[in-house]
Amino acid sequence: MSIQFELTLPQYRRGIHLITDIIENSLKDRAVTETGLLSIFVKHTSAGICINENADPSVRTDLTNFLNALAPDNSKLYTHTEEGADDMPSHIKTVLVGNSISVPLNRGKMNLGIWQGIYFLENRNKATNRNLVLTVIF
Amino acid sequence: MSIQFELTLPQYRRGIHLITDIIENSLKDRAVTETGLLSIFVKHTSAGICINENADPSVRTDLTNFLNALAPDNSKLYTHTEEGADDMPSHIKTVLVGNSISVPLNRGKMNLGIWQGIYFLENRNKATNRNLVLTVIF
Amino acid sequence: MSIQFELTLPQYRRGIHLITDIIENSLKDRAVTETGLLSIFVKHTSAGICINENADPSVRTDLTNFLNALAPDNSKLYTHTEEGADDMPSHIKTVLVGNSISVPLNRGKMNLGIWQGIYFLENRNKATNRNLVLTVIF
């Protein structure tokens, strides 16, 4: 059996944002109580999702800086430049980090480690609202 | 409930190839109409799969060039060289990009964003046919 | 339907370790015979999991060295340094490689390619035991 719904995130600035609470609340709102697997899928090609430390915000800062150094804006490698200097590096970061995660669900709650939170990566300088597809499989 | 089948891809040259239509057709051929999750799993260690822009082919070119620069053939770092200069970088790219994706299914159709397509990464210079395992969970 | 259980790994030193047998045995121990999908989820922010070559150990050595060069200990980029020089690069590697995999299950057995094995990445110098969540969906 499965439950599937879409979620629109608030408009974020470029960087990494903790969205654990938004996901948790969306499961509560829909009274999800099942044990199984939660898939969170980003429907965009320049925004990513992953799991990492939920405590010290410097982890998110350093990860942002690392990715910006790895795939810099304005690299001479890029030929896909019509949509802005931040577009091609956004695609690269999305591919490296991934655009979906799978999280174990236990009685409707995400079975995360105590230090784990859900990171949403807005890779563009100016993005519109981003949409997620959540699928619960049980 | 689940449906599982294997799919053999056409023999691709080194680079990134859009396989969205092949996946869509394989679901139609098997009359999949369920809502749930589709897992696509590459059964190889030097080929990858991910999701990114389906429109401008320059995104695939730039991503290919980025990965080739990140994990170049003939790097002095590699000791695993018996299978060719393109072998170890192929393993690295496969690990960084991933060898499987999970896609939400809605009434048998992949619930992708309008700009999203499925990328198959053939990382070897000369590869044989590659096999995928598709699993539909509903 | 789903089966979910946790698994504690042996204490590994920093590096990449093949855990295919541990996963296979955990499925046998629980008499899993279903066809569907197996999710393996690492409950930590500085250890990762992926799939790659199970044969020549030099692939694991080269991948370890590649990741250590890509996200070196003691990089001047990092501000998150209180937990040790190996902490922030561990978070980065975990994000790039991923903290979970999905594997097709066929009658209780992982449907892997003949050269594929499951890699566990211990990114810290001194780690305690690490916990996995395994979820079988069928």
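To be clear, the structure that these remarks concern was listed above.
Basis of the calculations
- Residues numbered from 1 in each chain as written.
- Chains lettered and ligands numbered in written order.
- Predicted model: local features only at pLDDT ≥ 70, side-chain atom pairs only at ≥ 80, totals over all residues.
- Heavy atoms only, no water.
- Helix = DSSP H or I, 4+ residues; strand = E, 2+ residues; numbered from the N terminus.
- Buried < 20%, exposed > 50% of the residue type's maximum accessible area, 1.4 Å probe, protein only.
- Contact = heavy atoms within 4.5 Å.
- Areas by Shrake-Rupley, 256 points an atom, 1.4 Å probe, with all protein chains shown as cover.
- Lys, Arg positive; Asp, Glu negative; His and termini not counted.
- Charge placed at Lys NZ, Arg CZ, Asp CG, Glu CD.
- Salt bridge = Lys/Arg side-chain N within 4 Å of Asp/Glu carboxyl O.

Colleague: Is there a simple way to think about the overall build of chain A in this case?
Modeller: Helix and strand content of chain A: three helices and eight strands. Projecting the C-alpha coordinates of chain A onto the three principal axes gives extents of approximately 50 × 30 × 20 Å. The buried share of chain A, taken over its 138 residues, is 62%. Taking contacts inside chain A between residues at least 6 apart in sequence as the whole, the part at least 24 apart equals 83%. Split by element, the accessible area of chain A, about 5400 Å² in all, is 49% carbon and sulfur. Considering chain A, the positive charge centre built from 13 side chains and the negative charge centre built from 14 side chains are found 2 Å apart.

Colleague: Honestly, helix α3 (residues 87–97) of chain B in this entry has me stumped. Any pointers?
Modeller: Think of an α-helix as turning once every 3.6 residues; residues three or four places apart then point the same way. Residue and element names in this part refer to chain B. Most of α3 sits inside the fold, with 11 of its 11 residues counted as buried. Looking only at α3, the buried set comprises Asp87, Met88, Pro89, Ser90, His91, Ile92, Lys93, Thr94, Val95, Leu96 and Val97. Phi turns positive, to about 105°, at Gly98, one or two residues after α3.

Colleague: Where do I start with the pattern of salt bridges in this structure?
Modeller: Any two side chains of opposite charge can pair, on the condition that their charged atoms come close. In the structure shown here, the tally under the stated rule is 15 salt bridges over all chains. The salt bridge partner of Glu122(C) is Arg130(C), with a shortest N-O separation of 2.7 Å. The exposure class assigned to Glu122(C) is buried, which follows from its relative accessible area of 1%. Judged by relative accessible area, Arg130(C) falls into the buried class, the value being 8%. Among the ionic contacts, a cluster of salt bridges with common partners joins Asp86(A), Asp87(A) and Arg124(A).

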